[in-house]
Amino acid sequence: MAAEKRLPKSLQDSLDGTKVSYAQLGSCGLRVSVPILGAMSFGHKGWMDWVIEEEEALKLLKGAWDRGE
């Protein structure tokens with residue numbers, strides 16, 4: 001069994017102090033952040049045609065809130 005690798009103290013302190021959740025990805029040793037709901041696409045279609053307008057954005061935010069995300 002391979003020896004456990006230790007993170008540099010500054011990196012470990014940063015990980016311990018973050019509110020982001022991490023999950024182990026299989027057995028490869030890679031940890032990834034759990035996806036979160038971003039709001040980059042929320043706004044007004046007058047700016048860009050792919051933007052999600054307020055009414056639809058509020059539905060997405062409510063769904064995330066209801067699920068504890």
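Preceding block: the structure.
Scope of this entry: the structure provided in the associated data block. This is a predicted model, so every value here is computed, not measured.

Rules used throughout
Residues numbered from 1 in each chain as written. Predicted model: local features only at pLDDT ≥ 70, side-chain atom pairs only at ≥ 80, totals over all residues. Heavy atoms only, no water. Helix = DSSP H or I, 4+ residues; strand = E, 2+ residues; numbered from the N terminus. Rg over C-alpha atoms; globule rule 2.2 N^0.38 Å. Buried < 20%, exposed > 50% of the residue type's maximum accessible area, 1.4 Å probe, protein only. Salt bridge = Lys/Arg side-chain N within 4 Å of Asp/Glu carboxyl O. Pairing = 2+ DSSP bridges. Patch = residues over 30% accessible without salt bridge, like charges linked within 9 Å, V, L, I, M, F, W, Y side chains within 5 Å. Areas by Shrake-Rupley, 256 points an atom, 1.4 Å probe, with all protein chains shown as cover. Contact = heavy atoms within 4.5 Å.

So, about the overall build of the chain. Each helix and strand in the chain was counted, giving 2 helices and 2 strands. Overall, the chain shows an N-to-C arrangement of helices and strands of α-β-β-α. Taking 2.2 N^0.38 as the reference for a compact globule, 69 residues should give roughly 11 Å; the C-alpha atoms of the chain span a radius of gyration of 18 Å, well beyond that estimate. Overall, the C-alpha framework of the chain stretches about 55 × 25 × 20 Å when taken along its three principal axes. Of all 69 residues assigned to the chain, the portion counted as buried reaches 6%.

Okay, the pattern of salt bridges next. For the coordinates displayed, the defined rule picks out 3 salt bridges. Among the salt bridges present, the one from Lys-9 reaches Asp-13, with a minimum N-O distance of 2.8 Å. Remark: Asp-13 and Lys-9 occur in helix 1 (residues 9–17); sequence separation between them is 4 residues, near one turn of the helix. According to the relative accessible area criterion, Lys-9 is exposed, its value standing at 61%. Residue Lys-59 is joined to Glu-56 by a salt bridge in which the shortest nitrogen-to-oxygen separation is 3.6 Å. Separated by 3 residues within a single helix, Lys-59 and Glu-56 lie in helix 2 (residues 54–66), roughly one turn from each other. Residue Glu-56 is classed as partly exposed on the basis of its relative accessible area of 39%.

A few words on the pairing of strand 2 (residues 30–33). In the sheet, strand 1 (residues 22–25) pairs with strand 2 via 4 bridges, with the strands oriented antiparallel. Counted as the bridge partner of Ala-23 is Val-32 from strand 2. Here strand 1 hands over to strand 2 after 4 residues, with Gly-26 in that stretch at a positive phi of 60 degrees.

A cluster of nonpolar residues, Leu-37, Leu-58, Leu-60 and Leu-61, forms a patch on the protein surface that exposes about 320 Å² of accessible area. By secondary structure assignment, the location of Leu-60 is in helix 2. For Leu-60, a relative accessible area of 36% corresponds to the partly exposed category.

With respect to the helices, strands and loops of the structure, Tyr-22 is situated in strand 1. Exposure remark for Tyr-22: the relative accessible area of 34% places this residue in the partly exposed category. Remark: the alpha-carbon pair of Tyr-22 and Gly-68, spanning 46 residues in sequence, is separated by 16 Å. Those residues in contact with Tyr-22 that sit more than four places away from it in its chain are Leu-15, Arg-31, Val-32, Ser-33 and Val-34.

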